[in-house]
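Listed below are the residues making up each chain.
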Amino acid sequence: MTIHTILKMGDPRLLRIAQPVHEFDTPELHALVTDMFETMEAARGAGLAAPQIGVDLQLVIFGFGSTDRYPEAPPVPRTVLINPQITPLTDALEEDWEGCLSVPGLRGVVPRFARIRYRGFDPEGQPIDREAEGFHARVVQHECDHLIGTLYPMRVRDFSRFGYTDVMFPGLDAPDD
């Protein structure tokens, strides 16, 4: 198991379109997933996309029971999602605060679809087909944005609601946010 360095905004590798995974249930894929969970947990994140550690594949992980980075957030199921497809189930957007391990120290308000359906595969190649709403839907959309070279600041509409976490949320225990 390896804890990887998380790329930061400004690194051109974060702006690429990730490539689909073609081979499932391989030792390399399982090792990558293990490394990604170790990396995410070491950084106290809610999710992580393969491009954030320099791996150009359509693979995201997410999930937690609780997180000090988002103390009000409900649990999100621990998930490995490969070659994801997202379909909005409503036109309604919800705005809420987001941070990112690749954009440390900052948070901004980002609009996201309130309800989505996401599909893809697990590491063994078994299909995943779920509906999500609220924070769960937000996390999925945020992580999948990394697969198309989009970081959350690119989606911020009102920069008066974008800034340093320690200034905007004093006392929040999110030093790597």
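A few points on the structure. Treat the numbers as computed from the prediction; the structure is a model and nothing was measured. (Residues numbered from 1 in each chain as written. Predicted model: local features only at pLDDT ≥ 70, side-chain atom pairs only at ≥ 80, totals over all residues. Heavy atoms only, no water.)

**A few points about the pairing of strand β7 (residues 127-133)**
Moving on, step 1. Pairing analysis gives seven bridges linking strand β6 (residues 115-121) to β7, with the strands arranged antiparallel. If you follow Arg-115 over to β7, its bridge partner there is Glu-133.
Moving on, step 2. Hairpin remark: β6 followed by β7, antiparallel, with five residues in the connecting loop; positive phi at Gly-125, about 90 degrees. (Pairing = 2+ DSSP bridges. Helix = DSSP H or I, 4+ residues; strand = E, 2+ residues; numbered from the N terminus.)

**What to know about the sheet that holds strand β5 (residues 106-113)**
Moving on, step 1. Taken in spatial order, the three strands line up as β4-β5-β8 in an open sheet, and their pairing is antiparallel. Both outer strands of the open sheet, β4 (93-98) and β8 (162-164), are each paired with one neighbouring strand and no more. Strand-to-strand twist across the sheet, computed as the mean angle between neighbouring axes with direction ignored, equals 25 degrees.
Moving on, step 2. With six bridges connecting them, β4 and β5 associate as antiparallel partners. (Axes fitted to C-alpha atoms, helices over the stretch in contact; angles between N-to-C directions.)

**Quick look at the pairing of strand β3 (residues 76-88)**
Moving on, step 1. Of the strand pairs in this sheet, strand β2 (residues 59-64) and β3 are connected by five bridges, and their pairing is antiparallel. Paired with Val-60 across the strands is Leu-81, a residue of β3.
Moving on, step 2. Two strands pair when backbone bridges link them, and β3 and β6 are joined in this way by five bridges, in the antiparallel orientation. Paired with Pro-88 across the bridge in β6 is Ile-116.

**Some details on the packing of aromatic side chains**
What describes a pair of aromatic rings is the distance from one ring centre to the other and the angle between the planes of the rings.
Moving on, step 1. By the definition in use, this model includes seven aromatic pairs.
Moving on, step 2. Ring centres of Trp-97 and Phe-169 lie 5.0 Å apart, and the angle between their planes is 90 degrees; this geometry places the pair in the edge-to-face category. In this pair, Trp-97 is assigned in strand β4 and Phe-169 in the segment after α3 (165-168), connecting sequence segments 72 residues apart.
Moving on, step 3. For Trp-97, a relative accessible area of 23% puts it in the partly exposed group.
Moving on, step 4. On the basis of relative accessibility, which here comes to 24%, the residue Phe-169 falls in the partly exposed class.
Moving on, step 5. Counting every residue linked through ring pairs, the aromatic cluster contains Phe-64, Tyr-70 and Phe-135. (Phe/Tyr/Trp six-rings, centres within 6.5 Å; stacked < 30°, edge-to-face > 60°. Buried < 20%, exposed > 50% of the residue type's maximum accessible area, 1.4 Å probe, protein only.)

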